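Reading the structure
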Amino acid sequence: SAKEKGRNQYHFFDPGLDEHRRNRRNQLMEITRALENEEFELYFQPQIRITDCQLLGFEALIRWNHPAKGLVSPGEFLPIVENSHLEVPLGQWVLKEAIHQMHAWKEAGEDLAVSINISAPHLMDRSFADYLESYLYSHPEVNPGQITLEVLESTALEDTKRASNVLARCQTLGLQVALDDFGTGFSSLTYLRTLPVDIIKIDQSFVRNMLEDANDHAIVESVIFLAQRFAHPVLAEGVETMEHARALRHMGCNFVQGYGIARPMPASEVLGWARQWQERLESGKHGDALSP
Ligand code: C2E
Ligand code: MG
Ligand code: MG
Ligand code: MG
C-alpha cells in the first residue's frame, strides 16, 4: 500500500540527498569562515551619464578572495547563501563596507556615489532600516543622498507593502532606490507600480544583443518609454561597446554601465580611475565617442 511504501521510503537512506545537504552545510561553514577572515571584497564599476559622460557613481559588486580558488564571482557563492542564515550577515557586511569605503574616499577628497545591491530577504529583515541608519550615524561625513539601494526584482518580494514601507523609510534618510535587472523577474510591472522607485536598471540580457535582435531592441526601447512615462531615469547595464551606448542615447536612456566603460575594479583603483575619467572629460576625449 501507499502507506507502507511511505514508511519504507522514510527509512530508506538516500545517499545523494544526504551528500547534497552535507555539501551545502560545508559550503555555508566555509562562507562563515570567510566572513570571519575578511575574505570578501567589494569591487566597483562606474556608472556614466550618457548625455555628457559625467560620472554618476559606482556599483559595489561583491567578490570572494578565496585562499585556494582565487577571486570567486558572486554568481558562484550567492546562490549558496540565498535563503540561508548567512544572507543577512553577508548583506550587512556589504552595506557596512560600502559606507565605510565612501567615508574613506570622502577623506581622500572625493564625494563618490555608490550603488549597493540588496537582496529581498535582507531588505525584509526586521531591523534593516535601523542598522542602515546606525551605519550612517557612525559615518556622518557620508552623504546618504550619494547612496542607491539596488533592489533585485528577480527575487520575489513576498510582502510588497512592507518592502515599500522599508524603502520609503530609506528614502526619508536620503537614499535612492533602483529597480535592478528590470524585466527579468516575475512582477516587474507590479514592482514599478508598488515600490517607491527612483531609477530603473535595464538588465544586460536585453542590452547585449539589442543591436542584432529586433525583439531585444523593442524591449529596451519599451522599457525606456515606460520609465519615461513614470518619470524615472533609466540605466542600461551590460554596455560593452560604444555602438550600444550611442543607440541607447538615441532611445533616451540616461545612464550606462558596462565593460565598454570599465570592468568592475578593486576599491584601490577607483580614485585614480575617477580622476583620469574627469581629466579626459575636460580634454574633450569622451564627447566624440558618445555623441549621436
Ligand atoms: P547586477 O547587480 O545586475 O550586477 C551587474 C553584473 O553584470 C555584475 O556581475 C557585473 O560585473 C556584470 N557586468 C557589468 N558590465 C558588464 C558587461 O558589459 N558585460 C557583461 N557580460 N557583464 C557585465 P557580478 O559582479 O558577477 O555580479 C552578479 C550579480 O550578483 C549582480 O548582478 C547582483 O545581482 C549580485 N551581486 C553582486 N554583488 C552583490 C552584493 O554585494 N549583494 C547582493 N545581494 N548581490 C550582489
Ligand atoms: Mg545591481
Ligand atoms: Mg543588474
Ligand atoms: Mg544581474
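In what follows, the accompanying structure is described. (Residues numbered from 1 in each chain as written. Chains lettered and ligands numbered in written order. Predicted model: local features only at pLDDT ≥ 70, side-chain atom pairs only at ≥ 80, totals over all residues. Heavy atoms only, no water.)

What follows covers the nonpolar core. Grouped together as the largest cluster of nonpolar side chains are 82 residues, with contacts concentrated most on Phe40, Phe128 and Leu248. The element that contributes the greatest number of residues to this core is helix 4 (residues 87–107), accounting for eight residues. If we ignore the near neighbours within four places in the chain, the residues touching Phe128 are Leu95, Ile118, His122, Leu123, Leu149, Val166 and Cys170. (Core = buried A, V, L, I, M, F, W, Y, C linked by side-chain atoms within 4.5 Å. Buried < 20%, exposed > 50% of the residue type's maximum accessible area, 1.4 Å probe, protein only. Helix = DSSP H or I, 4+ residues; strand = E, 2+ residues; numbered from the N terminus. Contact = heavy atoms within 4.5 Å.)

Along helix 11 (residues 242–251), the residues that are buried comprise His244, Ala245, Ala247, Leu248 and Met251. For helix 11, the arc enclosing every buried residue in end-on projection is 165°, short of the 170-degree limit, so these residues lie on one face. Following helix 11 by one or two positions, Gly252 adopts a phi angle in the positive range, close to 95°. (Arc of directions from axis to C-beta.)

Before going further, it helps to spend a moment on the site of ligand 1. For ligand 1, the set of nearby residues contains 22 residues, the closest of which are Arg63, Asp180, Gln204, Glu240 and Tyr259. Between Glu59 and ligand 1, the recorded distance is 3.0 Å, taken from a side-chain N or O atom to an oxygen atom. When the free accessible area of ligand 1 is taken as 800 Å², the share hidden by the protein chains comes to 83%. Sorting the residues of the shell around ligand 1 by element identifies strand 2 (55–66), helix 3 (74–81), strand 5 (147–152) and strand 6 (176–182) as the ones contributing at least two each. Per element, the largest residue contribution to the shell around ligand 1 is four residues, and it comes from strand 2. (Near = heavy atom within 4 Å. Polar contact = N/O pair within 3.5 Å; in protein donor to acceptor, adjacent residues only side chain to side chain. Areas by Shrake-Rupley, 256 points an atom, 1.4 Å probe, with all protein chains shown as cover.)

With that settled, the discussion passes to the coordination of the magnesium ion (ligand 2). The coordination sphere of the magnesium ion (ligand 2) contains the protein donors Glu59 (OE), Asn117 (OD1), Glu150 (OE) and Asp180 (OD), at a distance range of 2.0 to 2.2 Å. Sequence spacing of the donors to the magnesium ion (ligand 2): E-x57-N-x32-E-x29-D. In this structure, the magnesium ion (ligand 2) lies 3.8 Å from the magnesium ion (ligand 3), and both are coordinated by Asp180. In this pair, Glu59 sits in strand 2 while Asn117 sits in strand 4 (residues 114–118), placing the two residues 58 residues apart along the sequence. (Donors = N, O, S within 2.8 Å, 3.2 Å for Na, K, Ca; no water.)

With eight of its 10 residues buried, strand 1 (residues 40–49) lies for the most part within the structure. Pairing of strand 1 with strand 2 involves nine bridges; the strand directions are antiparallel. Bridge pairing links Phe40 to Trp64 in strand 2. In textbook terms, the turn of a hairpin is the stretch between consecutive antiparallel strands, and for strand 1 and strand 2 this stretch comprises five residues, one of which, Cys53, has a positive phi near 65°. Looking at chain direction, strand 1 and strand 10 (residues 265–266) are connected through two bridges and run antiparallel. (Pairing = 2+ DSSP bridges.)

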